[in-house]
Amino acid sequence: MELLSVIVPCYNEEENVFPFYEELMKNGEFLDKRGLDIEIIYVNDGSKDATVSRVKELHEKDERVKLVSFSRNFGKESAIYAGFRKAKGDYVVMMDADLQDPPSLLPEMFGYIDEGYDSVATRRVNRKGEPPIRSFFARMFYRLINRMSKTEIVDGARDYRLMTRQVTDSILAMCEYNRFSKGIYGWVGYETKWVEFENVERTRGETKWSFWGLFKYSLEGIVAFTTAPLSIASFMGVLFCFFAFVLIVFIIIRTCVFGDPTSGWPSLVCIISLISGVQLLCLGIMGQYLSRTYLEVKKRPLYFVKEEID
Ligand code: UDP
Ligand code: MG
């Protein structure tokens with residue numbers, strides 16, 4: 001029998017541990033039909049409520065329920081990674097505990113895997129029920145990051161993804177410290193099918209993301225998947241040098257024609273603008289080396305092989 005691992009990151013989700021399990025099992029007929037075993041890995045991300053004891057209770061009833069419990073809150077990205085490490089399944093799916101990722105989509109998603117896709121990703125087609133200001137900034141973020149980064153990061157994409165063992169192993173091979181899953185999924189590649197669904201609102205508990213938290217997370221995404229900001233200095237430097245050059249020519253001609261009424265001023269302006277330009281340019285060059293060092297330090301794999309024939 002093949003095994004499906006379900007990874008559920010939980011941070012203060014005591015109200016959701018049982019409902020999630022029940023909802024998942026309600027949609028579980030396809031497991032038997034397809035000859036699949038299941039393991040449900042709850043990753044407790046340092047909850048301060050009864051999440052852990054709820055999961056233990058569930059484990060008493062059903063051995064297929066497993067738990068990884070962190071010593072403190074390390075953030076959702078760490079929880080996802082821990083889940084991936086623990087998962088033994090031939091297929092792995094990531095789902096939020098709050099049922100915003102409907103388990104009813106699973107049979108359809110498996111259909112695509114059987115068609116030959118390596119991973120099936122989901123995206124919400126709308127952001128119904130979300131504060132408009134949050135939606136606005138989210139949209140801005142996706143537009144910005146897709147312009148700057150070569151890795152495609154899809155607007156509205158959820159972390160809800162079903163993937164094969166091969167894709168899972170590739171994701172595990174990316175052992176960078178600052179993780180941004182949405183980018184990592186895109187970076188590893190493979191054939192991905194997108195499934196769309198209407199946004200589902202959280203029914204129990206409350207969101208763990210503050211506006212500030214999301215803002216920091218979005219910066220994480222930009223810094224992790226593009227070194228474009230490091231090139232800003234070189235760009236400005238070149239622009240400044242050019243500007244200084246034009247200014248120098250202009251001032252020399254003007255001084256020759258009209259003389260130098262405020263003595264020393266023209267040369268001063270020329271020197272300042274030229275040196276600013278050169279400084280920015282040098283900073284940009286440093287930035288280029290820094291970006292290469294940054295990419296080396298991440299130790300990302302050079303490539304992933306999907307198939308090979310000898
Ligand atoms: N989560 C987590 N660690 C955190 C924050 C959130 O494991 O530090 C989990 C949370 O329990 C939930 C999922 O990540 O299962 C998504 O969180 P949430 O529903 O608060 O985010 P939203 O759906 O509002 O984006
Ligand atoms: Mg949620």
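Residues numbered from 1 in each chain as written. Chains lettered and ligands numbered in written order. Predicted model: local features only at pLDDT ≥ 70, side-chain atom pairs only at ≥ 80, totals over all residues. Heavy atoms only, no water.

Caption draft 1: Structural context of the coordination of the magnesium ion (ligand 2). Protein-derived coordination of the magnesium ion (ligand 2) comes from Asp98 (OD) and Gln100 (OE1), at a distance range of 1.8 to 1.9 Å. Take glutamine 100: its relative accessible area is 15%, and that puts it in the buried class. (Donors = N, O, S within 2.8 Å, 3.2 Å for Na, K, Ca; no water. Buried < 20%, exposed > 50% of the residue type's maximum accessible area, 1.4 Å probe, protein only.)

Caption draft 2: A look at empty space enclosed by the protein. Under the criterion given, the structure shown has one cavity of 30 Å³ or more. Of the pockets and cavities examined, the largest cavity occupies roughly 30 Å³. Together, Ser119, Arg161, Val167, Ile171, Tyr185, Val188, Gly189 and Thr192 line the largest cavity. Within the residue set of the lining of the largest cavity, elements represented by two or more residues are α7 (165-173) and α8 (181-188). Residue composition of the lining of the largest cavity, by class: four nonpolar, three polar and one charged. (1 Å grid on protein atoms, 1.4 Å probe; cavity = no way out; pocket = protein on both sides within 12 Å on 5 of 7 lines; lining within 4 Å. Points joined across faces, edges and corners; volume = space filled by probe spheres on them. Helix = DSSP H or I, 4+ residues; strand = E, 2+ residues; numbered from the N terminus. Nonpolar A, V, L, I, M, F, W, Y, C, P; charged D, E, K, R; others polar.)

Caption draft 3: Focus on the site of ligand 1. Residues in close proximity to ligand 1 total 17 residues, the closest being Glu13, Asp45, Asp98, Gln100 and Lys208. At a separation of 2.6 Å, an oxygen atom of ligand 1 approaches a polar side-chain atom of glutamate 13. Taking aspartate 45, its side chain carries an N or O atom lying 2.6 Å from a nitrogen atom of ligand 1. Within the complex, 91% of the 530 Å² of free accessible area of ligand 1 lies under protein. Looking at side-chain class alone, the shell around ligand 1 contains five nonpolar, four polar and eight charged residues. (Near = heavy atom within 4 Å. Polar contact = N/O pair within 3.5 Å; in protein donor to acceptor, adjacent residues only side chain to side chain. Areas by Shrake-Rupley, 256 points an atom, 1.4 Å probe, with all protein chains shown as cover.)

Caption draft 4: Region of interest: the layout of surface pockets. A volume near 490 Å³ is recorded for the second largest pocket. Lining the second largest pocket are 20 residues, and of these Lys150, Trp187, Phe225, Leu295 and Arg300 sit closest to its centre. Secondary-structure elements contributing two or more residues to the lining of the second largest pocket are α9 (211-225) and α11 (265-298). At five residues, α11 tops the list of elements feeding residues into the lining of the second largest pocket.

Caption draft 5: Expanded view of the nonpolar core. Of all hydrophobic cores here, the largest spans 34 residues; its most connected members are Leu4, Val6, Phe20, Ile40 and Tyr42. Valine 6 has contacts with Phe20, Leu24, Ile38, Glu39, Ile40, Ile41, Val93 and Met95, leaving out every residue within four places of it along the chain. Counting residues in hydrophobic clusters, the runner-up holds 29 residues, among them Phe70, Val167, Ile171 and Ala224. (Core = buried A, V, L, I, M, F, W, Y, C linked by side-chain atoms within 4.5 Å. Contact = heavy atoms within 4.5 Å.)

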